[in-house]
Amino acid sequence: HQSPSSTMCRTTALNLLVLATSLTQTAYSFTTPSRWGRKKPSFSSLKVAAEPTTDSAVGKPGTADMDWANLGFEFRPTKSHVRMTYKDGKWSPPELVEEETINLHIGATALHYGQSCFEGLKAFAHEDGSVHVFRPDENAKRMQNSCERTMMAVLPKEKFVEAVMAAVKDNIAYVPPHGSGGALYIRPLLFGSGPRIGLQPADEYTFLCMVLPVGDYYKGGLAAPVDALLIEDFDRAAPRGVGNVKVAGNYAADLLPNMLGKKKGFPIGLYLDAATQTCVEEFSTSNFVGIDTASKKYVTPKSASVLPSITNKSLMQIAADEGWSVEARDVPVKELESYDEVLAVGTAVVVTPVGSVTKLNPEDGSVQNKYEFGTEGEVGPTTRQFYDRVRAIQSGEEEDKFGWNFKVC
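Residues numbered from 1 in each chain as written. Predicted model: local features only at pLDDT ≥ 70, side-chain atom pairs only at ≥ 80, totals over all residues. Heavy atoms only, no water.

A. Highlighting the packing of aromatic side chains. By the definition in use, this model includes 11 aromatic pairs. Summarising the aromatic geometry, the rings of Phe 73 and Tyr 185 are spaced 5.2 Å apart at their centres and angled 65° between planes, so their arrangement reads as edge-to-face. Highlighted residues: Phe 73 in the loop between α2 (55-58) and β3 (81-87) and Tyr 185 in strand β9 (residues 183-192), separated in sequence by 112 residues. Classification of Phe 73 as partly exposed rests on a relative accessible area of 26%. (Phe/Tyr/Trp six-rings, centres within 6.5 Å; stacked < 30°, edge-to-face > 60°. Helix = DSSP H or I, 4+ residues; strand = E, 2+ residues; numbered from the N terminus. Buried < 20%, exposed > 50% of the residue type's maximum accessible area, 1.4 Å probe, protein only.)

B. Summary view of the nonpolar core. Ranked by internal contacts, the top residues of the largest apolar core, which has 38 residues, are Val 133, Phe 160, Val 168, Ile 186, Leu 190 and Phe 207. Of all the elements in the fold, those that place two or more residues in this core are β3, β7 (121-125), β8 (131-134), α4 (136-149), α5 (157-170), β9 and β10 (204-214). In terms of residues, this core owes the most to one element, α5, which gives 8 residues. Every residue in contact with Phe 160, bar those within four places of it in the chain, is listed here: Glu 119, Leu 121, Pro 136, Asn 139, Ala 140, Met 143, Leu 155, Pro 188 and Phe 207. (Core = buried A, V, L, I, M, F, W, Y, C linked by side-chain atoms within 4.5 Å. Contact = heavy atoms within 4.5 Å.)

C. Region of the structure containing α4. With 14 residues, α4 extends 20 Å between its outermost C-alpha atoms, agreeing within 8% with the 20 Å of an ideal straight helix rising 1.5 Å per residue. Burial in α4 covers these residues: Pro 136, Asp 137, Glu 138, Asn 139, Ala 140, Arg 142, Met 143, Ser 146 and Cys 147. Once α4 finishes, Met 151 follows within two positions and takes phi at roughly 55°, a positive value. (Expected span 1.5 Å × (residues − 1).)

D. Broad picture of the side chain of Glu 341. Secondary-structure assignment places Glu 341 in strand β17 (residues 341-346). Of note is the side chain of Glu 341, whose polar atom sits 3.2 Å from the backbone nitrogen of Thr 382. Here the side chain of Glu 341 touches Thr 383 through a polar contact of 2.6 Å, side chain to side chain. Excluding anything up to four places from it in sequence, Glu 341 contacts Val 289, Gly 290, Ile 291, Thr 293, Phe 373, Gly 380, Pro 381, Thr 382 and Thr 383. (Polar contact = N/O pair within 3.5 Å; in protein donor to acceptor, adjacent residues only side chain to side chain.)

E. Up close: the layout of surface pockets. Within this model, the largest pocket holds a volume of roughly 740 Å³. Arg 187, Tyr 217, Tyr 251, Thr 285 and Ala 348 are the residues nearest the centre of the largest pocket, which is lined by 34 residues in total. Among the secondary structure elements, those contributing two or more residues to the lining of the largest pocket are β9, β10, α6 (248-263) and β17. With 7 residues, the top contributor of residues to the lining of the largest pocket is α6. For the lining of the largest pocket, a count of residues per class yields 17 nonpolar, 9 polar and 8 charged. (1 Å grid on protein atoms, 1.4 Å probe; cavity = no way out; pocket = protein on both sides within 12 Å on 5 of 7 lines; lining within 4 Å. Points joined across faces, edges and corners; volume = space filled by probe spheres on them. Nonpolar A, V, L, I, M, F, W, Y, C, P; charged D, E, K, R; others polar.)

F. Quick peek at helix α8 (residues 381-394). The end-to-end C-alpha distance of α8, which contains 14 residues, comes to 20 Å, matching closely the 20 Å that a straight helix rising 1.5 Å per residue would cover. Along α8, 10 of the 14 residues are buried, which leaves the element largely enclosed by surrounding structure. Within α8, burial applies to Thr 382, Thr 383, Phe 386, Tyr 387, Arg 389, Val 390, Arg 391, Ala 392, Ile 393 and Gln 394. Positive backbone phi, approximately 80°, marks Gly 396, located one or two places after α8.

G. Region of interest: the confidence of the model for the protein. In the predicted model, the protein carries a mean pLDDT of 88, and the fraction of residues at 70 or more is 85%. Here residues 1-56 is modelled with pLDDT under 50, and outside its nearest four sequence neighbours on either side it reaches 61 contacts, counting other chains as well. (pLDDT = per-residue confidence, 0-100.)

H. The side chain of Asp 137, seen in detail. Residue position: Asp 137 is located in helix α4. Apart from residues no more than four positions distant in its own chain, Asp 137 is found in contact with Lys 157, Val 161 and Phe 406.

I. Highlighting empty space enclosed by the protein. Under the definition given, this model contains 3 cavities of 30 Å³ or more. Quantified by volume, the second largest cavity comes out at close to 90 Å³. Lining the second largest cavity, in full, are Gly 120, Leu 121, Lys 122, Phe 134, Arg 135, Asn 139, Ile 310, Thr 311, Gly 346, Thr 347, Val 350 and Gln 394. Mapped by element, the contributors of at least two residues to the lining of the second largest cavity are β7 and α7 (310-321). Residues belonging to the lining of the second largest cavity are distributed by class as follows: 4 nonpolar, 6 polar and 2 charged.

J. A look at the pattern of salt bridges. On inspection of all chains with the given rule, the structure shows 17 salt bridges. Ionic pairing is found between Glu 74 and Arg 76, a salt bridge with its closest N-O pair at 3.8 Å. The exposure class assigned to Glu 74 is partly exposed, which follows from its relative accessible area of 45%. Several salt bridges converge on common partners, so that one network encompasses Asp 321, Glu 322, Arg 389, Glu 398 and Lys 401. (Salt bridge = Lys/Arg side-chain N within 4 Å of Asp/Glu carboxyl O.)

Quick look at the structure:
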């Protein structure tokens, strides 16, 4: 038998337990165990960019045990990444996952038919300790274009940005400290994970967003111009193909010519248009920019086979803001003779000065022509000017009047 007081105490305790459970469910939404084998907090209702946070809750950039001065550009394990799955016509809530591997069906369309695209963007620490992502909205749009071209499920822009912010926030310690020259590289990836044997789109897609701290893509960065090889025996992309979207297969096609060029002493290759081989298109992993100092012209190729670089788009706006004439058009190979400086621009490289472009004789491999830019071994003044400007905006050292930085915390 129970006394009234005992019954009252148990009832009160039960009510408190129910209340506590209700409050917990209101504050945090949890995903059910999935095939990844983990239960992770959902960020479907988390305003990662808008809610004020404290250092103790989020952590501080640059506090991971890393050699910040010698990061290079390579894979490094971090704390977590974000995953989402598209199934039955909708995207699942994002979840933070610490496991670095995935289980993938052997019939996945990513494996058989190349349904896979990715993005690349960066987060930077500012002097006040805040962290900002550079133009994630533009990457979201570009990934949508890639998905539409390859008939994959399109990820809404707000979900893309939310996933990016969550991944950066959970790995805040790996953001290189302000002044180190490094950045947190963000790699969103979307691929067909559902099985198909006949050629058709998958019924399931997986989105991942991983992050890792990086330094310069090419050793030396802006301090040392690189020498490029004019690639004439391979094409990067076919006319009316998929060169203007960021699908995985485009980069697989570049692996062989890229490695062959490096064996010949050229860290970067420059592709021509596949149809006529008369116009410059883009470098292996970045857009081409030619600088005509006397005429104050910023020239970049306009082609349906060229991937539109967000860094290039930003530099074009900066150049116009500083009074330069910006020309997006066909760029004949012979025009290389007229440039004072040449840049390779993109998220990974940011701005890399190109000291020369070499054309080899296909018969014996001897140098047939060599286009040289600026003073050998030195960074051109315009290259430095544009690089300093975009980096100053990214790192918070200059006012972001264009609204490009998205604050994480």
